[in-house]
Structure formats: C-alpha cells, structure tokens
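# Remarks on the overall topology
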Amino acid sequence: MLMNQKKVKNIFVQGAISPFFIAESIRQHSTKTNIGAHSIFLGQVRNDLIDTKKVMAIEYTAYESMALDQMDLIREDIFEKYALTCMHIYHSLGSVKAGEICLFVFTSAKHRKAAINACEEVVERIKKELPIWGKELFDDHGYQWKENG
C-alpha cells in the first residue's frame, strides 16, 4: 500500500546564486499583503588570505539526500517555533567565486521579530547540521577543506 509522501524541497542550485534571482524572489512577495516583514541572509564567498594564499573560490559538495531530509526537519521545527508566512532556502553546489552569493535564506512573517529570529536560526542550523562541505580553492591552485563556523 502506497502512503502519501511529502515532497522534500530541493534547496540546492548549481553555482552562484544570482542577484537577479534574489531580486525576483523579493518582487514575487509584493502580492502577499499579509506579510509585514522579511529577513534575508546572503552568504558570500570571501577571498580570505590563508598563510600567503588567497581564496579564489569555494567548491561546495553535499550528501544531498541526507542534507535535504535534515533541512526538511529544520523547516518543520522553524515553522512550529515561529509564526512565519513563508521561508525559502537556496545553497550553492559546485564552484562559487569570491564575491558571489552561496547561501540565500529568506523568511517572511507578519512581524519582524519572527522573520529575523527564524532567519538567524535557520542559518545557524544549516551551518551546524547539514552535510555540506566547502573546498577553498587558492590562487596557487592548492586547496583546503573549509571548517564551518
């Protein structure tokens, strides 16, 4: 007997998250007039200097099915804890250059505190709980695995 299975939302996009995509996501919410606040977090790749090597990009990989299942649990927890209208999460896979966006978290609610607090908690939980790894690619063609922090 088949049971109704909830469809898990895919949060992954290949490469950098476009500023145009972010702007369009915001624009699409203008018709949702029950929303009074949005909170947005944008994670951007930094060109850190590590020893004498400069980070040129980060190559993201993930255990996708496990990450999506865990993100689904986080999503349920956040909706239970905060009075949100909606929440959207996008995380890059593949190579993202320094200066480009690799994480876009967008929460909406009737009131600002719910939107802001939910957004902050989602970002922290993504960093701590999802099996996503970043390989920092250096200007000398070397690399190191990034530690989430």
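Just above sits the structure.
Residues numbered from 1 in each chain as written. Predicted model: local features only at pLDDT ≥ 70, side-chain atom pairs only at ≥ 80, totals over all residues. Heavy atoms only, no water.

What follows deals with unusual backbone geometry. A positive phi angle, near 60°, is found at Asp 51, a position not held by glycine. Among the secondary structure elements, Asp 51 is positioned in the loop between β3 (49–50) and β4 (53–62). Even without glycine at this site, His 141 takes up a positive phi of about 75°. Along the polypeptide, His 141 turns up in the loop between β7 (132–138) and β8 (143–145). (Helix = DSSP H or I, 4+ residues; strand = E, 2+ residues; numbered from the N terminus.)

Between the first and last C-alpha of helix α2 (residues 64–81) there are 25 Å, a value that for 18 residues agrees with the 26 Å anticipated at 1.5 Å per step. Residues of α2 that are buried in the fold lie against β1 (12–14), β5 (84–97) and α3 (112–129). (Expected span 1.5 Å × (residues − 1). Contact = heavy atoms within 4.5 Å.)

Burial analysis of β7 places five of its seven residues in the buried class, which makes it a mostly covered element. Judged from the seven bridges that link them, β4 and β7 form a sheet pairing that is antiparallel. Bridging across to β7, Ile 58 finds its partner in Glu 136. In terms of strand pairing, β7 meets β8 through three bridges, oriented antiparallel. Directly across from Glu 136, in β8, lies its bridge partner Gln 144. (Buried < 20%, exposed > 50% of the residue type's maximum accessible area, 1.4 Å probe, protein only. Pairing = 2+ DSSP bridges.)

A few words on the pattern of salt bridges. For the structure shown, the criterion picks out seven salt bridges. Measuring nitrogen to oxygen at the nearest pair gives 2.8 Å for the salt bridge that ties Glu 121 to Lys 81. Of this pair, Glu 121 sits in helix α3 while Lys 81 sits in helix α2, and the two are 40 residues apart along the sequence. A relative accessible area of 17% places Glu 121 in the buried class. A salt bridge links Glu 121 to Arg 125; the nearest nitrogen and oxygen atoms lie 3.9 Å apart. Within this pair, Glu 121 and its partner Arg 125 are both found in helix α3, separated by four residues, close to a single helical turn. Here Glu 121 and Arg 125 have matching classes, each one buried. Counted as one network, the salt bridges with shared partners bring together Asp 77, Lys 81, Glu 121, Arg 125 and Glu 129. (Salt bridge = Lys/Arg side-chain N within 4 Å of Asp/Glu carboxyl O.)

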